[in-house]
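Summary of structural features
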Amino acid sequence: QVQLVESGGGLVQAGGSLRLSCAASGRTLRRVVMAWFRRAPGKEREFVAVIRWSDSYIYYSDSVKGRFTISRDNAKNMVFLQMNSLKPEDTAVYYCAANDGNVVSTTTIAYDYWGQGTQVTVSA
């Protein structure tokens, strides 16, 4: 099993920044892909960003491209989401997700492991 634990959420004013972290523990992931999703109140969970460990391939949703940056720390088995120029519509619970099949996907079904989520609230 793999455990994912997110941290770094909070309350920030529009235009501000937050950095989310996700720590992975448990068995070793050899062909890992890690992603961030979010779920706003009353909406379905949506894809935010993804990074593939093997070649650092990165992909963002159009709604966050140019504002958010996903990165990793191999030695610490961690992935980060730097969020700049935050908007009220970025308010959501943010989830870290992972799969061990080298599958880069924007769909939730492709990910086997999920964190518990961390709340991000952006005030106007």
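Structure shown above.
Description of the structure in this document. (Residues numbered from 1 in each chain as written. Predicted model: local features only at pLDDT ≥ 70, side-chain atom pairs only at ≥ 80, totals over all residues. Heavy atoms only, no water.)

A word on the sheet that holds strand E1 (residues 2-7)
Quick note on the threshold: A pair of strands is considered paired only if DSSP assigns at least 2 bridges between the two. Secondary structure elements are defined from DSSP: runs of H or I of at least 4 residues count as helices, runs of E of at least 2 residues count as strands, and each element is numbered from the N terminus. Lines fitted to the C-alpha atoms define the axes, with helices restricted to the stretch that makes contact. Angles between their N-to-C directions range from 0 to 180 degrees.
Taken in spatial order, the four strands of this open sheet run E1-E3-E8-E7, and their pairing is antiparallel. This sheet does not close on itself; its edge strands, each paired only once, are E1 and strand E7 (68-73). This sheet shows a mean twist of 15° between the axes of neighbouring strands, independent of strand direction.

A word on the environment of Ser 54
Note the cut-off: We call two residues in contact when some of their heavy atoms are within 4.5 Å.
On the secondary structure map, Ser 54 appears in the loop between strand E5 (46-52) and strand E6 (58-60). Considering only alpha carbons, one finds Ser 54 and Asn 102, 48 residues apart in sequence, at a separation of 8.0 Å. Apart from the residues within four sequence positions on either side, Ser 54 is in contact with Arg 72 and Asn 102.

What to know about unusual backbone geometry
Rules: Burial classification: accessible surface area is computed with a 1.4 Å probe over protein chains only, and a residue below 20% of its type maximum counts as buried, one above 50% as exposed, and the rest as partly exposed.
One non-glycine residue, Ser 85, lies in the positive phi region at around 50°. Topologically, Ser 85 is positioned in the loop between strand E8 (78-83) and strand E9 (92-99). At Asn 102, a position not held by glycine, the phi torsion is positive, near 60°. Along the chain, Asn 102 falls in the loop between E9 and strand E10 (113-114). Assessed through its relative accessible area of 27%, Asn 102 is described here as partly exposed.

Some remarks on the environment of Thr 106
With respect to the helices, strands and loops of the structure, Thr 106 is situated in the loop between E9 and E10. Owing to a relative accessible area of 39%, Thr 106 belongs among the partly exposed residues under this scheme. Each C-alpha atom, one on Thr 106 and one on Phe 37, is 8.7 Å from the other, the two residues being 69 residues apart in sequence. Sequence-distant contacts of Thr 106, defined by excluding residues within four places in its chain, comprise Phe 37, Phe 47 and Tyr 59.

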